[in-house]
Amino acid sequence: MINNLFFNLIVAHILGDFYLQWGSSCKNKVLYSVKGKDLWLHSLVIGILSWCAIWDFRGWWLAACIMVLHFLIDWAKSYIQVKWDIFKIENPKQVKLVDGTNKRHDLRVFLIDQILHIGVIVLFVDIWLAANNGWQQFGWLQEFAVSHPLRTKTIVAMLLALKPANILILLIFGACKVTITSTGDDEHGNFHSGELVGWLERGLMLLFVVMSQYEAIGFLIAAKSILRFNEASSGSEKSEYVLTGTLLSLATALALGIITLNI
């Protein structure tokens, strides 16, 4: 069974590292590192969310440790992304960030970054619980988690299936050099609606897995295939891009659903 404090801090990490951090902030962390405000603000958000997850005044040092180590890990990540030529600063005067020649390594850096963050949480949860055996989960949250364990796990899985999974899939595309050339329509946002489709697709498939409605997953994929038939039959690079994204979304949703049902 997953420890309640670990569960709380993981949720805080997901919210702070993905949903409360935007693409522009990630770029600014690489561009300006410790000289910019984004790295500091992001680490502060992580610290505040971590303390809220503990909700115990005695846990200020735990939240502070997680915040400081999160700062150091992200600082090292931004340094490595430039050092490995994953990103490069094209013109120091204009401070413009562009993709480097080793963009495929960004997936590896992302995975190492997340493993380190989770490792820090595991380490300090053990230290905290060894020193504070009397720590209690919030009353209402404890009651909800005990009364509805599957719903609780599904909510967390859904948080992972949306934005974090989308970032992971894009990084897999980059690692495998799966690209697509934007068209004039894409500039008006038609192509970027695919991100929203991916969110809905993974969310629905995850719910179907949790509800053991596997037939509905087949129906969903069939419906999408029919809608995308013209693109698929054309053999264009966009059809391959869509197919790869669909399969990755399916694999992600299935994995999260199976884990949700078995932990």
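This section reports on the structure supplied with the text. (Residues numbered from 1 in each chain as written. Predicted model: local features only at pLDDT ≥ 70, side-chain atom pairs only at ≥ 80, totals over all residues. Heavy atoms only, no water.)

### Points about the overall build of the protein
Consideration 1: Counting its secondary structure elements, the protein contains 12 helices and two strands.
Consideration 2: Along the protein, from the amino end to the carboxyl end, the secondary structure elements read α-α-α-α-β-β-α-α-α-α-α-α-α-α.
Consideration 3: Out of the 263 residues belonging to the protein, those deemed buried represent 39%.
Consideration 4: Taking as baseline every contact in the protein between residues at least 6 positions apart, the subset at least 24 positions apart corresponds to 74%. (Helix = DSSP H or I, 4+ residues; strand = E, 2+ residues; numbered from the N terminus. Buried < 20%, exposed > 50% of the residue type's maximum accessible area, 1.4 Å probe, protein only. Contact = heavy atoms within 4.5 Å.)

### A closer look at the packing of helix α8 (residues 163–175) against helix α9 (residues 193–210)
Consideration 1: The interhelical angle for the contact between α8 and α9, taken along N-to-C directions, is 120 degrees, at an axis separation of 10 Å. As summarised for this structure, α8 and α9 are arranged oblique, according to the angle between their axes. Crossing of α8 against α9: the hand is right-handed. Facing α8, whose interface residues are K163, A165, N166 and I169, α9 presents E195, W199 and R202.
Consideration 2: Partitioned by chemical class, the residues of the contact of α8 with α9 number three nonpolar, one polar and three charged. (Axes fitted to C-alpha atoms, helices over the stretch in contact; angles between N-to-C directions. Parallel < 35°, antiparallel > 145°, perpendicular 65-115°, else oblique. Left-handed = near helix turned anticlockwise from the far one by under 90°. Nonpolar A, V, L, I, M, F, W, Y, C, P; charged D, E, K, R; others polar.)

### So, the pattern of salt bridges
Oppositely charged side chains can pair when the atoms bearing their charge come close.
Consideration 1: Going through the model one piece at a time under the given rule, you end up with five salt bridges.
Consideration 2: Close ionic contact of D99 with K103 constitutes a salt bridge, the shortest N to O distance being 3.7 Å.
Consideration 3: Using a relative accessible area of 25% as the deciding quantity, one classes K103 as partly exposed.
Consideration 4: Across the salt bridge formed by D106 and K103, the nearest N and O atoms sit 3.4 Å from each other.
Consideration 5: For D106, a relative accessible area of 7% corresponds to the buried category.
Consideration 6: Three or more residues joined by partner-sharing salt bridges are found here, namely D99, K103 and D106. (Salt bridge = Lys/Arg side-chain N within 4 Å of Asp/Glu carboxyl O.)

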